[in-house]
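Observations on the three-dimensional arrangement
These are the residues of each chain, in order.
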Amino acid sequence: MTKGGVWPLPWSITYLNDSFSINPSTFQFTTSLTGCQIIDRAFQRYRIISFPGYKSSSSFYSGKATTVNSVSVTVSSGCSTDYPQLEMDESYSIDSTSSNGSTITANSVWGTLRALESFSHLIYKDTSGQWWLRQAKISDSPRFPHRGIMLDSARHYLSVNMIKRNLELMAQNKMNVFHWHLVDTESFPYTSTKYPDMSAKGAYTPKHVYSVAQIQDIIDFARDRGIRVIPEFDTPGHAGGWHGFPGLLSACFDHLGNSMLPNIIDPTQTQNWNFLLNFFGEALDLFKDNYFHFGGDEVLDDMLQCWSRNKNVSSWMEANNMGNDTSLLLNYYYRNLVQRVQQHKNTTTMIFWEEVFDMNVAPNGSVAHAWKGETMKDIMDEMFDITSRGHRAILSTCWYLNYIRYGPDWGYINGNGTMTRGSYYECDPTNFNGTAAQKALVLGGEAPMWGEFVDGTNLIPRMWPRASAVAERLWSDPAQTTSADAAWPRLHEFRCRMMSRGYEVEPPNNPDYCPDFWDVTLPDYSNNNPSTTSPPAGGSTTSPPAGGSTTTTDNPSATSPPAGDSTTTTSAACSMHTFFSVTLTIIFALLLNVF
Amino acid sequence: MLIPLILLGILSLQTFSQEFLTAPPPGLRTDGGIWPLPQQIQYLNHSRSIGTRRSRPIQIILDENVNDCDILKFTKKTYLRKWLLPFEDEASTNDSTTLFLTVSVKDGCPKSNDFPQQGMDEKYSLSVPKEGNATLEAKEVWGALRGLETFSQLVFLEDETYYIQSANIHDFPRFSVRGILIDTSRHYLPAQTIRRQIDLMAQNKMNVLHWHIVDIESFPYISKRFPNLSEKGAFTPRHVYDSKTVQNIIHYARLRGIRVMIEIDTPGHTGSWKGQPGFLADCSSPTGEKIPSNILDPTKKENYKFLAEFFTEILEVFPEKFLHLGGDEVEYWTEACWRQNPEIRRFMKLHGFQDNVTALEDYYFSKLQQLLAPIASERRQIFWQEVFDVNVPEPNSIIHIWKGSTKTERAESLAKVTAAGHQAILSSCWYLNYIHYGDDWKSGGINGDYYYCDPQDFNGTDAQKALVLGGIATMWGEMVDSTNIEARLWPRASAVAERLWSNPLATKNADEAWPRLHEHRCRMVARGFRAQPINGPSFCHNEWLLP
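Worth saying up front: this structure is predicted, and the values here are computed from it rather than measured. (Residues numbered from 1 in each chain as written. Chains lettered and ligands numbered in written order. Predicted model: local features only at pLDDT ≥ 70, side-chain atom pairs only at ≥ 80, totals over all residues. Heavy atoms only, no water.)

Digging into the overall build of chain B
- Helix and strand content of chain B: 17 helices and 17 strands.
- Its C-alpha radius of gyration of 25 Å places chain B within 12% of the 24 Å reference for a compact globule of 547 residues.
- A principal-axis box enclosing the C-alpha atoms of chain B has dimensions of 80 × 65 × 50 Å.
- Relative to its full complement of 547 residues, chain B shows a buried share of 66%. (Helix = DSSP H or I, 4+ residues; strand = E, 2+ residues; numbered from the N terminus. Rg over C-alpha atoms; globule rule 2.2 N^0.38 Å. Buried < 20%, exposed > 50% of the residue type's maximum accessible area, 1.4 Å probe, protein only.)

Here it is, written out as structure tokens:
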């Protein structure tokens, strides 16, 4: 384990052999910048997380060592009240070699935040409990401007507190984009002021929602840490959770004509376009980032089941000269969506999953989000392809952290396909044969944590420190970070650092130990405002059985009790879904037999 | 984002859930379902409201002979204050809807030095009629504990009101050993983390904590007689279990009807025993360089003297009558540390073993028997299967089966071990430390399918099958510590718990079991435990909010 190692590795770092002693109770963070809230709040945080577990009652002995008493912070462009954007300047430098005090210099508040994090990594505790500051000179800035984590709050709900804990860990890893896959087939936890039915009908329960105030709180919490919040509202497919607006989704049918769960927007209805204009207008106003993710993945099955086999849709297509070519309708959908978005806010840059770029409908300047490909060759071919057509690109394909496997997958497991491959540390977004101009179009990458098997119980340990491997790949100089073996002692110190700070960051690399253990009673530093961390209490969608009521089942001697109360709306809906899923399974079984 | 189904073939139909294709609806769950499924349960198609958070929905009355029983008093408090969903205000008073549960235990309260052991009676009968009081009857207090857990699971919360399902239940476990293995050598587990797993075991009616306490990587156990072992062998002086902590864990487990079975793994896996001078054999690589040792030196008399004293202490500390003696993977180290070791070679020659290290292993195990005979006559010995496969275990010992990369191999081991008259415990199919993407509790064949692995699924006579004591789900510690062990274990280990407790004929189908397991997972979450989602998109009414 290193002592005072910095993760992700700075582009330039020179250590002297010595360390200064440091007294946590008197150490000062100073700046001439007065009244700058984002800096003041960062100082408050780093006073605590630079010295994890420190108690003010601890005694301090410097022995013969020189003690350093302060770090002085200079922000040359002054304070900012803006939200961070893609173009933010995250460069900074640190000098901790002077006994008169350390210095941090940055152009912007964003660089200052990164510097404070690096500075805190230079601080370590020895086994006697004494605190030390490594003497070092650092000059640093990120390799890629877009370094993200994707969370999926539709498959499983994630509490505001959990999202904040993850944001705090992102900041500790210098990651700067929270891609929030808010809604999907399974549920719609986003509350729209204009269309409250969207979450009233689409959320799992009224407790499983994000109010506007909570979303604003998350955006501000992220801003304090130099993190952009980019929401994704995935359309036209993956829209099963959008059933709160009547008629928005087209009815779907299997090849026998049986109804299926609707999952794609019906673009043939005028009122749906009014809805989309208003709905996206509201969301575009709420989220502060200049980039906005519009999804667009995996529509083929839905186009067949819900557009081709839907008589209303297919006759509209016929009447509008599309014949039976649903790709023309998809094209129509995107053209109209783009127009509605630009009509509302023409400064927004649209991000789509890569499929959308195959259709030539994305407006100039849109960003392609790569996620498909089974092998590293597939992945890099796709990056080549996207950039050769002049699009900017974000890579996620090699960083699907939701795919878990046994062993140290962050650095050492290299299977054949996307699901078996780990080696997150070595995947490089520009490792394709392209021109320098092509490579300059790569904005960075995102590690997705799709939510099928993840909720608040396991999010943090499943994400970290596996995502730390991605963080270093996206920040650091590739020439200095070629070896997972060489990186491990530094990652080991960092995993222990995050754990000492109170986060359940799992052991990624076989047997090891940290100076501290993670314990549920450790303080949660991200929880600055407890009153906003729980979803508001609300009634339940399910109306309870009246007291002493009799529930009914078919079989009185059944060994299982009834699944929910049969009179409630939730379980009624569920049994319908069961019916669909059983039907679909049979159809698939048939298809597989046929082919 | 979903990987295209076509690429992944049939498996993807099970693991990916586009439009709930095959994943169950996220809200599908029972109300008042019992996990593991009782042997006999009859629901009366009736649930009644028993109060709100602000009232006192339930009152538990202990019969006179157990009114002062430490175990039951503690358990009563646990359920009323914490685990019955939980109730918030214990100070509130009974009202007309309050349900009274009377608990009677025929044999009364165990003495304070009585611990749950093999043969403990976990049978109970529970009746929650449509009207009036509920009754719980058991012969032993251990059965009453299982019955109280079942009772608590009949209760469910809906819209701030508590309901209870009316039911008649007669229940007992299929197998007597239903365990979890924790490994505190590869990563240290704080006592609180161990206690939480004990709580969760109780909620799943599991009854044996197999504590793999030391191994190659570290020696966290503080021996009173040989303090050097942990001083030299623990990761740091903080990564240890002192005798107070060990006692606390044993008593904590006792209050929940759980046995704490220690494993002292020898002769291999002993790399961390370096605090005992001369204990480890010197090892060298094929090129003659000295390499770290992971196996003891069986040729030295003083090592047996040391082991006799060390085991004397272990037997004083752990009241559990099963003693796990390890014995696995010796072959990894016999070449480098025994056959290549000149002094050991000389010893082997002297004893006529020639070049046969198996004979030296046999010698070690027979010496181990000799030294244990006077001190461990009351204990049953357990060995990992190699001691049966390769050596000659003590005739009365129990064989712990952990090998087998196919179902056939596993079944063959079970058949052989039981044909030789040994009792057996199975772990091979329940290595929960091996994680996989997806719903591995019910799919994945040999890499999962925890719900479908049956310890009696081998070719053998009824008498052979009766020799199967049960199973232990293992959570080896290479990749887990307190940050992730709880979510990784639960509710995947709940699948094992049901297989070991319930009637196999009534628990054939994981998809049928899921609504009940889903309720159970949400119940564990509501009680403050990190039981993770394991079956695709879902939600609980009370989600995990805390760190």
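Comments concerning the UniProt feature "domain: Beta-hexosaminidase eukaryotic type N-terminal" (unreviewed entry) in chain A
- Under the UniProt annotation, the feature "domain: Beta-hexosaminidase eukaryotic type N-terminal" (unreviewed entry) is placed at residues 6-120 of chain A.
- A distance of 9 Å separates the end C-alpha atoms of residues 6-120 of chain A, which is 22% helix and 28% strand. (UniProt positions renumbered as here; feature names shortened; annotations may be inferred.)

Some points on the pattern of salt bridges
- Here the structure, examined in full by the defined rule, presents 54 salt bridges over all chains.
- For Arg389(A), the salt bridge is made with Asp385(A), and the minimal N-O distance between the two is 3.4 Å.
- The salt bridge involving Arg196(B) is made with Glu486(B); its shortest N-O contact spans 2.7 Å. Pair noted here: Arg196(B) is in helix H5 (residues 191-203) and Glu486(B) is in helix H15 (residues 485-489), with a separation of 290 residues, a long-range link. Residue Arg196(B) shares its accessibility class with Glu486(B), and that shared class is buried.
- Connected via shared salt-bridge partners are Asp152(A), Arg155(A), Asp184(A), Glu186(A) and Glu452(A). (Salt bridge = Lys/Arg side-chain N within 4 Å of Asp/Glu carboxyl O.)

Re helix H3 (residues 70-83) of chain B
All names here are of chain B.
- Spanning 14 residues, H3 covers 18 Å between terminal C-alpha atoms, matching the ideal 20 Å at 1.5 Å per step.
- Here H3 has its buried residues at Ile71, Leu72, Thr75, Thr78, Tyr79, Leu80 and Trp83.
- Looking at the buried side of H3, the elements it contacts are strand S2 (58-62), strand S3 (99-105), helix H4 (141-154), H5 and helix H7 (243-255). (Expected span 1.5 Å × (residues − 1). Contact = heavy atoms within 4.5 Å.)

Looking at helix H5 (residues 212-224) of chain A
Residues and elements named next belong to chain A.
- Counted at 1.5 Å a residue, the expected span for H5 with its 13 residues is 18 Å, and the 18 Å between its end C-alpha atoms agrees.
- On its buried face, H5 is in contact with helix H1 (37-49), helix H2 (109-121), helix H3 (160-172), strand S10 (177-181), strand S11 (228-232) and helix H6 (270-286).
- In the segment just after H5, Gly226 is the residue with positive phi, at about 70°.

Quick notes on the pairing of strand S1 (residues 12-22) of chain A
All names here are of chain A.
- Where S1 and strand S8 (residues 131-140) come together, seven bridges link them in antiparallel fashion. From the neighbouring strand, Tyr15 faces S8, where its bridge partner is Ala136.
- Judged from the two bridges that link them, S1 and strand S3 (residues 67-68) form a sheet pairing that is parallel. Bridged to Ile22 within S3 is Val68. (Pairing = 2+ DSSP bridges.)

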